[in-house]
Amino acid sequence: MEETKPKTGKYALTYGLILGAISVVFILMLYSLDMHYQGGPMVMGVSLLITIAMIIIGMMQFKKDNNGFMTFGEGLKIGVGIGLIAGIIGIIFNQILAGVIDPEMMNKAMEYQKGMLMETTKMTPDQIDAQMEMGKKFTTPSWQIIFGLIYSIVASLLLSLIPALILKKKETIQ
């Protein structure tokens, strides 16, 4: 009886759901500290590390279940799939957070950004206000969903390249 090859979609879905759940918990943790609208390098760094870890774990599990073999393309499919599934969960939760849990989140984020711009740039208050007005155009739910999906796909593709290259191992035909 011939062994069937595992499907990459199963691993993308499983580890994407796990990453999505971890991301929701992380956002709730930030919310409890009233830091959910601030972002910053530390939050981005932790998010990237968690994402990379889940992508690597998903690839390694696929490779293990596939008798130690994984092509570069399979690795990319798994990594991008994980990022896309987790991204969809994150986008949905973010819409719930901004629309139901904390309807003032966007205003808080804009005020925080304004304060950061005043501290870190030499822009005049009028220039800062103009930039904030322009930024408001991109805070509608539809723009957030579009940018969120594009970001999820591109970021997970980039974060999957090196692990897929390192973990790839092709079957040799004998």
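So, here's what we can say about the structure. (Residues numbered from 1 in each chain as written. Predicted model: local features only at pLDDT ≥ 70, side-chain atom pairs only at ≥ 80, totals over all residues. Heavy atoms only, no water.)

Details of unusual backbone geometry
Residues other than glycine predominantly adopt negative phi, and peptide bonds predominantly adopt the trans conformation.
So, step 1. Not every positive phi belongs to a glycine, and Asp 34 is a case in point at roughly 55°.
So, step 2. The residue Asp 34 is located in the loop between α1 (8-32) and α2 (41-65) in this model.
So, step 3. Not every positive phi belongs to a glycine, and Asn 67 is a case in point at roughly 60°.
So, step 4. The topology assignment puts Asn 67 in the loop between α2 and α3 (72-101).
So, step 5. On the basis of relative accessibility, which here comes to 54%, the residue Asn 67 falls in the exposed class. (Helix = DSSP H or I, 4+ residues; strand = E, 2+ residues; numbered from the N terminus. Buried < 20%, exposed > 50% of the residue type's maximum accessible area, 1.4 Å probe, protein only.)

Here's the deal with the packing of aromatic side chains
So, step 1. Counting across every chain of the model gives two aromatic pairs.
So, step 2. Relative to Phe 62, the ring of Tyr 11 lies with its centre 5.3 Å away and its plane at 90°, an arrangement referred to as edge-to-face. With Tyr 11 in helix α1 and Phe 62 in helix α2, this pair connects stretches of sequence that are 51 residues apart.
So, step 3. On the basis of relative accessibility, which here comes to 3%, the residue Tyr 11 falls in the buried class.
So, step 4. On the accessibility criterion, Phe 62 (0% relative accessible area) is buried.
So, step 5. Ring centres of Trp 143 and Phe 147 lie 5.2 Å apart, and the angle between their planes is 25°; this geometry places the pair in the stacked category. Residue Trp 143 and its partner Phe 147 are both found in helix α6 (residues 141-167); the two are separated by four residues, about one turn of the helix. (Phe/Tyr/Trp six-rings, centres within 6.5 Å; stacked < 30°, edge-to-face > 60°.)

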